[in-house]
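Report on the structure
Spelled out from the first residue to the last, the chains are:
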Amino acid sequence: MAMCKLQTIPNAKEQIIHNIRNSKQTPEKFIPNSDEINIDDWELECDDNGKIIGQGNLYSNKGDWYSCTIQKLYVNPDFRGKGIGRNIVGRLINKAKNKKDNEFDDCQILTADVDRDNEASRNLFEKMGFKIRETFCVPEDNKRADVLRMTLAGIKKCG
């Protein structure tokens, strides 16, 4: 298991989409197409054969100044409990701390939206310093998914 780069993995974008779909955490209408995947936003872990076994991305909330979200976090069930999610989230936090594309894409607030029933993911983010800020519901195919918005405070200092 090792960190890998999207541009060095054959069919990486297709693997990412496959993993998002298999996680069953993302409603179908929010699953990106391969042309919507920006390589700079993703952190990946691969097995020895170059297959993506863990992933997550950092999304700049363009309409919400200074805010970024960790999303699409996924670890293959066969590799859970080995620190892969922790490694990915740690690298995404560092990416957020260092992000400075322009005055509107600076990440001073870092959030993660977690399905209320996903205890492992919630525990991971809590161990990484995130706190539950709010709960909301997302309508999805005649049911509602309870989502916890978790926030990591103090990523950057003002001034």
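On a predicted model such as this, the values are computed, not experimentally measured, just so you know. (Residues numbered from 1 in each chain as written. Predicted model: local features only at pLDDT ≥ 70, side-chain atom pairs only at ≥ 80, totals over all residues. Heavy atoms only, no water.)

A short note on the state of the cysteines
This structure, assessed with the given rule, holds one disulfide. Here Cys 4 is linked by a disulfide to Cys 46, with a sulfur-sulfur distance of 2.0 Å. Between Cys 4 and Cys 46, the disulfide has an S-S torsion of 75 degrees and is therefore right-handed. A residue pair is termed long-range when its members are at least 10 positions apart, and Cys 4 in strand E1 (residues 2-4) and Cys 46 in strand E2 (residues 42-46) qualify at 42 residues. Each member of the pair, Cys 4 as well as Cys 46, is classed as buried. (Disulfide = S-S within 2.5 Å. Helix = DSSP H or I, 4+ residues; strand = E, 2+ residues; numbered from the N terminus. Buried < 20%, exposed > 50% of the residue type's maximum accessible area, 1.4 Å probe, protein only.)

What about unusual backbone geometry?
Although it is not a glycine, Asn 11 sits at a positive phi angle of roughly 55 degrees. On the secondary structure map, Asn 11 appears in the loop between E1 and helix H1 (12-23). For Asn 11, a relative accessible area of 55% gives the class exposed. Phi is positive for Lys 72, which is not a glycine, with a value near 60 degrees. By secondary structure assignment, the location of Lys 72 is in strand E4 (residues 67-75).

Regarding the nonpolar core
One finds Leu 58, Ile 70, Val 89, Ile 93, Leu 110, Phe 125 and Phe 130 to be the most contacted residues of the largest nonpolar core, which totals 23 residues. Only strand E3 (52-60), E4, helix H2 (84-98), strand E5 (109-115), helix H3 (119-127) and strand E7 (143-152) provide two or more residues apiece to this core. Counting residues per element, this core draws most heavily on H2, which supplies six residues. Setting aside residues no more than four positions away along its own chain, Phe 125 makes contact with Ile 70, Leu 73, Val 89, Ala 112, Val 114, Phe 130 and Met 150. Listed in part, the 13 residues of the second largest apolar core include Cys 4, Ala 12, Ile 20 and Ile 52. (Core = buried A, V, L, I, M, F, W, Y, C linked by side-chain atoms within 4.5 Å. Contact = heavy atoms within 4.5 Å.)

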